[in-house]
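Reading the structure
Here are the chains, one letter per residue:
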Amino acid sequence: MSSYQRKDYQSLLDGSLALTTFSEQAEGEPQEETRTRVLTQRPHRDHQTAGPGLEYFFLGNGLIQAAVQHSTVPTSGTTYGLLLMDPEHFARKSSSFLYHPESGLERTMVTVIVKDRVCYPTSSSLELHWEYPASVPTVVATWRAGRCRVREELWCPVGVPVLVRRVRVTNTGALPVDVQVQAMLYPNPMLFDEQSALEERRMLEAHGYLKLQLYALEDARVHDRWVTSSVEQLGKGVEFSTTFVYRLGDSQRRLSKRQADALRKKSSQYWKSTFEFRAKGMLDHLFQTAKNGLYAAISSTGKMDSSIWQYNLEWVRDQSMVVVGLVLSGQEKLAKTLLDRMMDKMVNDEGVTLESGRWRGYDFYELDQNGELLYAHWMYWRWTDDDSLIEKHW
């Protein structure tokens, strides 16, 4: 007979990630001869948010939030993975849309099939870095697929809940080869309980917590969980490219190439309107990634997790500091949205400011928050000469 002995939840994980121990005892055997068999279902290694050799590249636009994972240590996580979230609703890493309890982020990698050989990114050939074509923050991943060189470019256009993932495959061999590029939609089963391959629309859809779509801008075959773009006899030195689109929300219309180009132009205009910091090396890198990260971390309504995947809560202190960073990086509109939301939702009638996502009373009140909020207002007004928030709230 098997007896249920214990279930130990880790953090806020669902039951599928619980560590469960069973003890089995054969009927009629003496107690001292009992044999115990331990069966454990452990969280996938991608469940952890920090570890040796683990880093993230954050993208977003207030309507969608994405993180590209890079792990150089196998025990810390999948070498190359993609996470998607809705910035309006805070999440743990394990409750993001593409995380799977059994496979983690393994199925978020693009695969390239070269002459019937299935290839995917490995730590030996994978490199990730930031690039800024036309000033648009773009995560670039390069890796090898047999005779071919693969380059991926991931970015979020302004104004739509979309992540664009362009994949370029170049034949560096001497002979022509057949190439297929595949992206898989394998969403978190705790959030999505229905999935469809809409072959006529050439689109994959998952339904549940919300709707998640995956398709290619170009002609592609859709089957089961895969979107596949292919080319026959790719010649030496020739490049083949396809662009995958991940979209959140209930949209009946696909993006066209023309619309994607227009979004690229609009996104370029936005980023060119922000401040530029002319420096070399690490200082320039830190400024650029800080500017990108602020934009990626905040929802379009001004909501912000004070520690992504950890707190899932808001603090006036943290968001006041973010307002200053937005002002100094030339993102005044978003700074105003954040300030206005704080005044409407994060300050009560007695002037007590929100911390840890709630008003905790005077015994736990963080006194510096009021000063930080006033300083954020002063910085916004001083740099923009916009006194509309002061008139509205005082």
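So, a few notes on the structure that sits alongside this text. Chains are numbered independently. Their residues run from 1 in the order of the written sequence. Selection of residues for local features in this predicted model requires a pLDDT of at least 70, selection of side-chain atom pairs for listing and counting requires 80 or more, and totals for whole chains, interfaces and linings are taken over all residues. Based on all heavy atoms of the structure, the side-chain values leave hydrogens and waters out of the count.

**A closer look at the overall build of the chain**
Across its full length, the chain holds 6 helices and 18 strands. For the chain, buried positions account for 48% of its 394 residues. Residue contacts follow a heavy-atom distance rule, with two residues in contact if any of their heavy atoms lie within 4.5 Å. For the chain, the share of sequence-separated contacts (at least 6 apart) that also reach a separation of at least 24 residues comes to 59%. Accessible area of the chain: about 19,900 Å², with a carbon and sulfur share of 50%. Note on conventions: DSSP H or I runs of at least 4 residues are helices, E runs of at least 2 residues are strands, and numbering of each starts at the N terminus. Each residue is assigned to one of three classes by its accessible area relative to the maximum for its type, calculated with a 1.4 Å probe on protein chains only: buried under 20%, partly exposed between the two thresholds, exposed over 50%. Values of accessible area rely on a 1.4 Å probe in the Shrake-Rupley scheme; residue burial ignores everything except the protein chains shown.

**Some thoughts on the packing of aromatic side chains**
Geometry of aromatic contacts follows a simple scheme: Phe, Tyr and Trp rings, the Trp one being its six-membered ring, pair when their centres are within 6.5 Å, and the pair is stacked under 30 degrees between planes, edge-to-face over 60, tilted otherwise. In the structure shown here, the tally under the stated rule is 14 aromatic pairs. Between the aromatic rings of Phe97 and Tyr209, the centroid separation amounts to 5.9 Å while the plane-to-plane angle is 45°, which identifies the pairing as tilted. Placement of Phe97 in the loop between β5 (80–85) and β6 (111–114) and of Tyr209 in the loop between β14 (203–208) and β15 (211–216) is noted, with a sequence separation of 112 residues between them. With a relative accessible area of 4%, Phe97 lands in the buried category. Ring geometry for Tyr270 versus Trp271: centroids 5.1 Å apart, planes at 85°, classification edge-to-face. Judged by relative accessible area, Trp271 falls into the buried class, the value being 5%. These aromatic residues form a ring-pair network of at least three members: Tyr56, Phe58 and Trp309.

**Digging into the nonpolar core**
Here, nonpolar core means buried Ala, Val, Leu, Ile, Met, Phe, Trp, Tyr and Cys residues that are tied together by side-chain atoms lying within 4.5 Å of each other. Core analysis: the largest hydrophobic core is formed by 50 residues, its most contacted members being Leu82, Leu84, Val112, Leu163, Val181, Leu212 and Phe244. Not counting residues within four places of it along the chain, the set of residues in contact with Leu163 comprises Leu59, Ile64, Ala66, Leu82, Leu84, Leu154, Trp155, Cys156, Phe244, Val245 and Tyr246. Among the nonpolar cores identified, the runner-up in size contains 36 residues, and Leu263, Leu354, Leu373 and Tyr380 belong to it.

**So, the packing of helix α3 (residues 316–328) against helix α4 (residues 332–345)**
For the pair α3 and α4, the least separation of the axes is 8 Å and the interaxial angle reads 160°. In terms of orientation, α3 and α4 fall into the roughly antiparallel class. Once α3 is placed against α4, the crossing between them reads as left-handed. Between α3, through Val316, Gln319, Ser320, Val322, Val323, Leu326 and Val327, and α4, the contact on the second element is made entirely by Glu332, Leu334, Ala335, Leu338, Leu339, Arg341 and Met342. When residues are grouped by polarity, Ala, Val, Leu, Ile, Met, Phe, Trp, Tyr, Cys and Pro land in nonpolar, Asp, Glu, Lys and Arg in charged, and all others, Gly among them, in polar. Class assignment for the residues of the contact of α3 with α4 results in 10 nonpolar, 2 polar and 2 charged. The convention used is that axes are lines fitted to C-alpha atoms, helices contributing only their stretch in contact, and that angles between N-to-C directions extend from 0 to 180 degrees. Angles are sorted into four bins: roughly parallel if under 35 degrees, roughly antiparallel if over 145, roughly perpendicular if 65 to 115, and oblique for all others. Here a crossing is taken to be left-handed if its near helix is turned anticlockwise relative to the far helix by less than a right angle, and right-handed if that turn runs clockwise.

**What about helix α5 (residues 368–384)?**
Here α5 is 17 residues long and its end C-alpha atoms lie 24 Å apart, about the 24 Å a rise of 1.5 Å per residue gives. Buried residues along α5 sit in contact with α3, α4 and α6 (388–393). One or two positions beyond α5, positive phi appears at Asp385, with a value near 65°. By this rule the span expected of a helix is its residue count minus one, scaled by 1.5 Å.

**Digging into α4**
For α4, built from 14 residues, the straight-helix expectation of 20 Å at 1.5 Å per residue is met to within 8% by its first-to-last C-alpha distance of 20 Å. Buried within α4 we find Leu334, Ala335, Leu338, Leu339, Arg341, Met342 and Met343. On its buried face, α4 sits against α2 (282–297), α3, α5 and α6.

**Comments concerning the pairing of β5**
Where burial is concerned, most of β5 is hidden: 6 out of the 6 residues are buried. A two-sided burial pattern is seen for β5, the buried positions comprising Tyr80, Leu82 and Leu84 on one face and Gly81, Leu83 and Met85 on the other. Note on pairing: DSSP must find at least two bridges between two strands before they are called paired. Across 6 bridges, the pairing between strand β4 (residues 65–71) and β5 is antiparallel. Across the sheet, Val68 pairs through a bridge with Leu82, a residue of β5.

**Examining a nonpolar patch on the surface**
Side chains of Leu374, Tyr375, Trp378, Trp381, Ile390 and Trp394 sit close together on the surface and give an oily, nonpolar patch of about 650 Å² of accessible area. When residues in the nonpolar patch are grouped by element, the largest group, 4 residues, is from α5. By the secondary structure assignment, Leu374 is in helix α5. Each patch is built from residues that are more than 30% exposed by relative accessible area and take part in no salt bridge. Like charges join if they lie within 9 Å; nonpolar side chains (Val, Leu, Ile, Met, Phe, Trp, Tyr) join within 5 Å. The working definition used for a salt bridge is a side-chain nitrogen of Lys or Arg within 4 Å of a carboxyl oxygen of Asp or Glu.

**Focus on the sheet that holds β6**
Within the open sheet, the 5 strands sit side by side as β7-β6-β12-β17-β16. Their pairing is antiparallel. Of all the strands in the sheet, just β7 (117–119) and β16 (221–223) have a single pairing partner and so form its edges. Going from strand to strand, the sheet's axes swing by 25° on average, the running direction of each strand aside. Sheet analysis places β16 next to strand β17 (residues 226–234), joined by 3 bridges and oriented antiparallel. What sits directly across from Val222, in β17, is Val227.

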